[in-house]
Amino acid sequence: MPTNDISGYEKCNGCGLCTLPCPIWQQRHDALLTFAGRARALQGGAKPGEIRDSVDACLLCGSCEPAFAMDIRTVDITLKLRAALNGYSKEELPHGQVNQSSSGRALLVPNAALLENKDLLKHSARLLDIPVAEDNGSDVLEAFETGRRPKAGRAVSFIKTLTGIRKVITADGLLKRYMQAVLPGLEVIGLGEALLRLPGMQTALRPTDLYIIEARSYNMDFNRCMPFYTDISRQTGCAMNLDLQRIAIPTGGYTNTETGNEFTPQNTGQIRWILEGRSFNRIVVESVEDIGLLKNAEVDIPVVHVAELAGEDAP
Ligand code: SF4
């Protein structure tokens with residue numbers, strides 16, 4: 001791949017299906033701010049600098065990716081556009097070797113919000129029975145998200161901490177995409193999914209619950225996650241933040257404010273979209289950010305993190 005390669009958008013045929021679940025489209029109704037709009041502009045000869053606002057506005061929520069019939073990795077293309085705007089290339093990402101042996105360890109990689117909530121972090125690690133990563137690589141992931149070069153040696157030192165690791169459980173779904181790029185073959189699972197897979201967790205979900213999936217983790221791993229979550233929703237009767245295409249509607253709680261611009265959607269708008277016309281007795285979230293976000297949106301329903309379901313039985 002040549003430096004500053006931004007290819008991939010050519011496959012878009014402009015059907016517009018990917019705009020339906022896009023939070024930017026939902027709130028702005030400006031097609032140029034969506035992936036389809038960027039693809040059309042680039043197909044017409046626009047340079048990345050001419051669509052900078054659109055590239056920056058993207059939440060990298062991944063909602064447009066499963067909607068594409070042409071198998072286009074929309075998130076990767078937007079990441080490449082951001083890198084191109086900064087004169088950086090994914091080619092420069094350092095790669096590592098994955099430990100494929102069954103004796104390899106699993107590791108919980110928290111994000112900033114989970115690190116701050118020490119009790120929840122300790123509780124999650126205890127439930128999963130795995131250690132917490134000493135280096136969560138948040139600066140490296142932020143550089144990846146914003147398309148910037150990480151500080152010298154940081155990406156390499158972060159990858160080194162994963163030597164001997166077989167599986168990573170992450171609080172930020174974007175880490176899945178980063179690991180696919182630098183440590184292909186490493187198993188990466190979202191924290192919510194990992195907790196839901198523990199014995200007894202799913203039985204604590206009720207038909208009157210709304211379960212808010214961490215959208216990045218789900219959408220960027222759609223083919224594997226969709227049947228898993230659909231099955232849970234059917235078995236327990238709980239509702240989820242899924243649209244008719246079974247794509248997860250993002251709350252935007254993880255939005256990187258550094259990349260945001262005036263077009264970045266408001267989180268309260270996202271919450272309203274998810275709750276519109278529905279009523280619930282409780283909201284269960286996978287992402288710690290969503291706890292604060294629901295509070296800010298003045299949602300008057302009890303909110304619990306999925307880790308807090310442990311030991312609870314459905315009535
Ligand atoms: S990743 Fe999300 S915010 Fe970005 S274009 Fe796709 S749906 Fe819209």
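The rules we used
- Residues numbered from 1 in each chain as written.
- Predicted model: local features only at pLDDT ≥ 70, side-chain atom pairs only at ≥ 80, totals over all residues.
- Near = placed C-beta within 6 Å.
- Nonpolar A, V, L, I, M, F, W, Y, C, P; charged D, E, K, R; others polar.
- Pairing = 2+ DSSP bridges.
- Helix = DSSP H or I, 4+ residues; strand = E, 2+ residues; numbered from the N terminus.
- Right-handed = clockwise from strand over helix to strand, strands pointing away.
- Domains from an automatic or database assignment.
- Core = buried A, V, L, I, M, F, W, Y, C linked by C-beta atoms within 7 Å.
- Buried ≥ 20, exposed ≤ 12 C-beta atoms within 10 Å, placed from the backbone.
- Contact = placed C-beta atoms within 7 Å.
- Axes fitted to C-alpha atoms, helices over the stretch in contact; angles between N-to-C directions.
- Parallel < 35°, antiparallel > 145°, perpendicular 65-115°, else oblique.
- Expected span 1.5 Å × (residues − 1).

Visitor: Teacher, can you tell me more about the site of the ligand here?
Guide: Contacts to the ligand come from 14 residues, most closely from Cys22, Cys58, Cys61, Ser63 and Cys64. Taken together, the residues of the shell around the ligand sort by class into 10 nonpolar, 4 polar and no charged.

Visitor: Got a minute to help me understand the pairing of strand E6 (residues 282–285) in this structure?
Guide: Remark: a regular strand shows side chains that alternate across the two faces of the sheet. Bridge count for strand E4 (residues 209–212) against E6 is 4 bridges, and the pairing is parallel. Note on E6: the bridge partner recorded for Asp209 is Arg282. Note: E6 against strand E7 (residues 303–305), 3 bridges, orientation parallel. Bridged to Ile283 within E7 is Val303. Taking the sense of rotation as the criterion, the β-α-β connection linking E6, helix H15 (residues 288–296) and E7 turns out right-handed.

Visitor: What's the story with the domain arrangement of the protein in this structure? I'm lost.
Guide: By convention, interface size is frequently given as the accessible area that disappears when the constituent parts associate. Domain parsing of the protein yields domain 1 (9–90), domain 2 (105–190) and domain 3 (195–309). Mapped onto the side of domain 2 that touches domain 3, the elements with two or more residues apiece are helix H6 (112–116), helix H7 (118–128), helix H8 (138–146) and helix H10 (174–182). Ranked by residue count, the leading element in the side of domain 2 that touches domain 3 is H7, at 4 residues. Grouping the amino acids of the side of domain 2 that touches domain 3 by side-chain chemistry returns 5 nonpolar, 6 polar and 5 charged.

Visitor: How should I be thinking about the nonpolar core in this particular structure?
Guide: Side chains of a nonpolar character, in soluble globular proteins, are inclined to be buried together. Membership of the largest hydrophobic core comes to 88 residues, with the highest contact counts inside it found for Ile169 and Tyr211. Ranked by the residues each element gives to this core, the list is headed by helix H5 (residues 74–85), at 7 residues. Look past the residues within four positions of Tyr211 in its chain and what remains in contact with it is Leu205, Cys238, Met240 and Val284.

Visitor: Could you clarify how one ought to interpret unusual backbone geometry in this entry?
Guide: Excluding glycine, a negative phi dihedral is what most residues carry, and trans is how most peptide bonds are arranged. Positioned with a positive phi, Asp129 is a non-glycine residue whose angle comes to about 60 degrees. Positive phi is not limited to glycine here, since Glu298 has a value of about 55 degrees. Position of Glu298 among the secondary structure elements: in the loop between H15 and E7. By the C-beta count within 10 Å, which is 8 here, Glu298 ends up exposed.

Visitor: Explain the packing of H8 against H10 here, please?
Guide: Relative placement of two packed helices is described by the angle separating their axes and the distance separating the axes. Orientation of H8 relative to H10, taken along the N-to-C sense of each, is 85 degrees, at an axis distance of 10 Å. Relative to H10, H8 is oriented roughly perpendicular. Contacts between H8 and H10 involve Leu141, Phe144 and Glu145 from the first element and Leu174, Leu175 and Tyr178 from the second. Residue classes in the contact of H8 with H10 are distributed as 5 nonpolar, no polar and 1 charged.

Visitor: Is there a simple way to explain the sheet that holds E7 in this structure?
Guide: Strand pairing in a sheet is mediated by backbone hydrogen bonds. Such pairs are either parallel or antiparallel. Sheet architecture is open: 4 strands sit in the order E5-E4-E6-E7, paired in parallel fashion. Bordering the open sheet on either side are strand E5 (239–240) and E7, each of which pairs with just one other strand. Against the sheet, H15 touches E4, E6 and E7, its axis set at about 170 degrees to E7.

Visitor: Got a minute to help me understand H5 in this structure?
Guide: For the α-helix, the turn length of 3.6 residues means that residues three or four positions removed from each other point alike. Taking 1.5 Å of rise per residue, the 12 residues of H5 would be expected to cover 16 Å, and the 17 Å separating its terminal C-alpha atoms lies within 8% of that figure. The buried fraction of H5 is high, at 11 of 12 residues. Inspection of H5 places Thr74, Val75, Ile77, Thr78, Leu79, Lys80, Leu81, Arg82, Ala83, Ala84 and Leu85 among the buried residues, and these make up the whole buried set. If you follow the buried residues of H5, they end up packed against helix H2 (35–43), helix H3 (52–57), helix H4 (64–67), H8 and H10. Positive backbone phi, approximately 65 degrees, marks Gly87, located one or two places after H5.

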